[in-house]
Amino acid sequence: MHSTTGEHMLEVNLPRLKESLLELADIGFNPIDKGIYRSGFSDADMAGRRWLMQVAEKDGFSTEMDGAGNVWLGLGELTKPAVIIGSHLDSVPAGGMFDGSLGVMAGLEVLRVVAENNISLQYPLRVLATAEEEGRFGGMFGAQAVTGCLTPEWILSAHDADDVFLADAMRAQGLNPMDALDAAWPPDQIKAFLELHIEQGPVLESEDIPIGVVEGVSGVFKWIVHLKGKADHAGTAPMHMRSDAFMGLADFAHEIQRIIDEDGTDKSRITVGKVELIPGYPHTVPGEAIFTIVGRDMDEEVMRELATACERALRAIARRHRLNFEYKEVSWLGPRYCSKSMIALMEQKAAARGWSYKRMPSGAGHDVQFFSGMTEAGLIFIPSVDGVSHAPDEWSHWHHVEMGANLLLDCVLAKAS
Ligand SMILES: [Zn+2]
């Protein structure tokens, strides 16, 4: 293909990329629900990592597993800072074949194209297949390790929902948990970080745009709210004499859109995702409602305004229904921004191929967020069919896979030349 400026462009080999992705999708595949099971540090996850190293070795690239279980594939000596192409190889339980895997295999495809065309680059390339991105143990372990965001205390205390400790899961795979601390890279050894990922949402498909240029990962806060009234007999307590905690929650649910309209942006999200009513009997007025609020935005100031508006609305509602109101902020993570220069490069390269693209935030977390404070970092999205992800039905069209991988290739060449 030729660009709009007439320069000859390299192309990824889609059949080869497709074959690699399909081969990887067999590892941890469950024929009953058709999902992929490669949870961080499970046997299938490690089998996927070993498979990747074998494939890359056969192609003549250097391979290495670091102390955090991250797999590194390399082209070129590390005499200068590396351009890193990264995403994750683990999956959620019953996950799909593109989440994470796409970015890793597209990275390998970029190495193959550079090698077979004998392109000489100024900077070395590294493909990073991160370990445990999906948060089985509550973090983004591999990316945190590389960017120096781990502590020994965290490594020893992290455990999954079944109380399996990260340290034990690593030892069972022959890894020494404390070696993860040695996986950190000095910032000056990294030239840039690029990730290709599926959108995992419906926006690109619904607007018929093949490429998302990600501005950053939304900040997110999580609250646990407790509204406490009085449990009463559902037959004898007159409506006007109740302190019904559920009615407080219902009133709040109706305030969410107003809060976003008044204090939010088009990137704001507020979700009540988990609700518990106590005592939870059909014939009893619920005396207590315990529920989560998760708020997101790309601007930390807006996040604060959303949080304040939620608090104010809940206080007023609690008074109206004679409820006691308490909340606990469980977590607050500020937004992470992709580099402006990388966003501009991605837009320029997409335009050079004559493709439409859209600047967008990512509502989901990604490996790139740990690199964003450390180096020039960028993230490319391609559409997800029906917006489905973290499910066996997750799919992206092959022509979009090819476009995303070609844009990744263009950007990597620009950064490494
Ligand atoms: Zn992912």
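Residues numbered from 1 in each chain as written. Predicted model: local features only at pLDDT ≥ 70, side-chain atom pairs only at ≥ 80, totals over all residues. Heavy atoms only, no water.

1. Observations regarding the nonpolar core
Link 1 in the chain: Formed by 83 residues in total, the largest nonpolar core has its most connected members in Leu21, Leu52, Met105, Leu194, Val401 and Leu408.
Link 2 in the chain: No other element matches helix α12 (residues 398–416), which puts 11 residues into this core.
Link 3 in the chain: With sequence-adjacent residues up to four places away left out, Leu21 is seen in contact with Met97, Phe98, Ser101, Leu102, Met105, Trp398 and Val401. (Core = buried A, V, L, I, M, F, W, Y, C linked by side-chain atoms within 4.5 Å. Buried < 20%, exposed > 50% of the residue type's maximum accessible area, 1.4 Å probe, protein only. Helix = DSSP H or I, 4+ residues; strand = E, 2+ residues; numbered from the N terminus. Contact = heavy atoms within 4.5 Å.)

2. Focus: the pattern of salt bridges
Link 1 in the chain: Counted by the stated rule, this structure contains 19 salt bridges.
Link 2 in the chain: Residue Arg112 pairs with Glu109 through a salt bridge whose shortest N-O separation is 3.8 Å. Placement of both Arg112 and Glu109 in helix α3 (residues 101–116) is noted, with a separation of three residues, approximately one turn of the helix.
Link 3 in the chain: Note that Arg171 and Asp168 form a salt bridge whose closest N and O atoms lie 2.9 Å from each other. (Salt bridge = Lys/Arg side-chain N within 4 Å of Asp/Glu carboxyl O.)

3. Notes on a negative patch on the surface
Link 1 in the chain: Together, Glu205, Asp208, Asp386 and Asp393 make up a negatively charged patch on the protein surface.
Link 2 in the chain: Tracing the chain through its elements places Glu205 in helix α7 (residues 203–207). (Patch = residues over 30% accessible without salt bridge, like charges linked within 9 Å, V, L, I, M, F, W, Y side chains within 5 Å. Areas by Shrake-Rupley, 256 points an atom, 1.4 Å probe, with all protein chains shown as cover. Lys, Arg positive; Asp, Glu negative; His and termini not counted. Charge placed at Lys NZ, Arg CZ, Asp CG, Glu CD.)

4. Some details on the coordination of the zinc ion
Link 1 in the chain: In the first shell of the zinc ion, the protein supplies His88 (NE2), Asp99 (OD) and His197 (NE2), at 2.0 to 2.2 Å from the metal.
Link 2 in the chain: When the donor residues of the zinc ion are listed from N- to C-terminus, their spacing reads H-x10-D-x97-H. Linking His88 in strand β3 (residues 82–88) with Asp99 in the loop between β3 and α3, this pair joins segments that are 11 residues apart in sequence.
Link 3 in the chain: With a relative accessible area of 0%, His88 lands in the buried category.
Link 4 in the chain: Overall, the relative accessible area of 5% leaves Asp99 in the buried class. (Donors = N, O, S within 2.8 Å, 3.2 Å for Na, K, Ca; no water.)

5. Structural notes on the pairing of strand β7 (residues 219–228)
Link 1 in the chain: In the sheet, β7 pairs with strand β12 (residues 288–297) via 10 bridges, with the strands oriented antiparallel. Along β12, the bridge assignment pairs Val220 with Arg296.
Link 2 in the chain: When β7 meets strand β13 (residues 324–333), the two strands line up antiparallel, connected through nine bridges. Bridging across to β13, His226 finds its partner in Glu326. (Pairing = 2+ DSSP bridges.)

6. Examining the packing of helix α1 (residues 14–25) against α12
Link 1 in the chain: Put simply, α1 and α12 touch, their axes get as near as 10 Å, and they point 110° apart. It follows from the interaxial angle that α1 and α12 lie roughly perpendicular. For the pair α1 and α12, the contacting residues are Leu14, Leu17, Lys18, Leu21 and Leu22 in the first and Trp398, Val401, Glu402 and Ala405 in the second.
Link 2 in the chain: Tallied by class, the residues present in the contact of α1 with α12 amount to seven nonpolar, no polar and two charged. (Axes fitted to C-alpha atoms, helices over the stretch in contact; angles between N-to-C directions. Parallel < 35°, antiparallel > 145°, perpendicular 65-115°, else oblique. Nonpolar A, V, L, I, M, F, W, Y, C, P; charged D, E, K, R; others polar.)

7. Re the packing of aromatic side chains
Link 1 in the chain: Inspection of every chain in the model, using the stated rule, returns 12 aromatic pairs.
Link 2 in the chain: An angle of 20° between the planes, with centres 6.3 Å apart, marks the rings of Phe141 and Trp154 as stacked. Residue Phe141 is located in helix α4 (residues 141–146), and its partner Trp154 is located in helix α5 (residues 152–157); the two are separated by 13 residues in the primary sequence.
Link 3 in the chain: Of the residues examined, Phe141 reaches a relative accessible area of 1% and is grouped as buried.
Link 4 in the chain: Judged by relative accessible area, Trp154 falls into the partly exposed class, the value being 25%. (Phe/Tyr/Trp six-rings, centres within 6.5 Å; stacked < 30°, edge-to-face > 60°.)

8. Brief notes about helix α8 (residues 245–263)
Link 1 in the chain: Here α8 contains 19 residues, and its C-alpha end-to-end distance of 26 Å stays within 8% of the 27 Å for a straight helix at 1.5 Å per residue.
Link 2 in the chain: Roughly 35° is the biggest bend found in α8, and it falls at Glu255.
Link 3 in the chain: The set of residues buried in α8 consists of Ala245, Gly248, Leu249, Phe252, Ile256, Ile259 and Ile260.
Link 4 in the chain: Where α8 begins, one side-chain oxygen reaches toward the backbone nitrogen of Phe246, 2.9 Å away; that side chain belongs to Asp244. (Expected span 1.5 Å × (residues − 1). Bend = angle between axes of the 7 residues up to and from the residue. Polar contact = N/O pair within 3.5 Å; in protein donor to acceptor, adjacent residues only side chain to side chain.)

9. As for the packing of α8 against helix α9 (residues 300–320)
Link 1 in the chain: The contact between α8 and α9 brings their axes to 9 Å, and the two run at 145°. As α8 runs across α9, the sense of the crossing is right-handed. Seen from α8, the contacting residues are Gly248, Asp251, Phe252, Glu255, Arg258, Ile259, Ile260 and Asp263; seen from α9, they are Val302, Glu305, Leu306, Ala309, Cys310, Ala313, Leu314, Ile317 and Arg320.
Link 2 in the chain: Along the lines of polarity and charge, the residues of the contact of α8 with α9 split into 10 nonpolar, one polar and six charged. (Left-handed = near helix turned anticlockwise from the far one by under 90°.)

10. A look at unusual backbone geometry
Link 1 in the chain: The peptide bond linking Ile278 to Pro279 adopts the cis configuration, its omega dihedral lying at 10°.
Link 2 in the chain: Here Pro279 is to be found in the loop between β10 (275–278) and β11 (284–285).
Link 3 in the chain: Positive phi is not limited to glycine here, since Ala94 has a value of about 60°.
Link 4 in the chain: Relative to the assigned elements, Ala94 resides in the loop between β3 and α3.

11. Some details on the pairing of strand β6 (residues 211–217)
Link 1 in the chain: Of all seven residues in β6, seven are buried; the element is thus mostly enclosed.
Link 2 in the chain: Of the strand pairs in this sheet, β6 and strand β15 (residues 357–362) are connected by six bridges, and their pairing is parallel. Within β15, the residue paired with Val214 across the bridge is Met360.
Link 3 in the chain: The pairing of β6 with strand β16 (residues 376–382) spans two bridges and is antiparallel. If you follow Gly212 over to β16, its bridge partner there is Phe381.
Link 4 in the chain: Note that β6 and strand β14 (residues 336–337) share two bridges and pair antiparallel. Pairing of Val217 across the sheet is with Arg336, part of β14.

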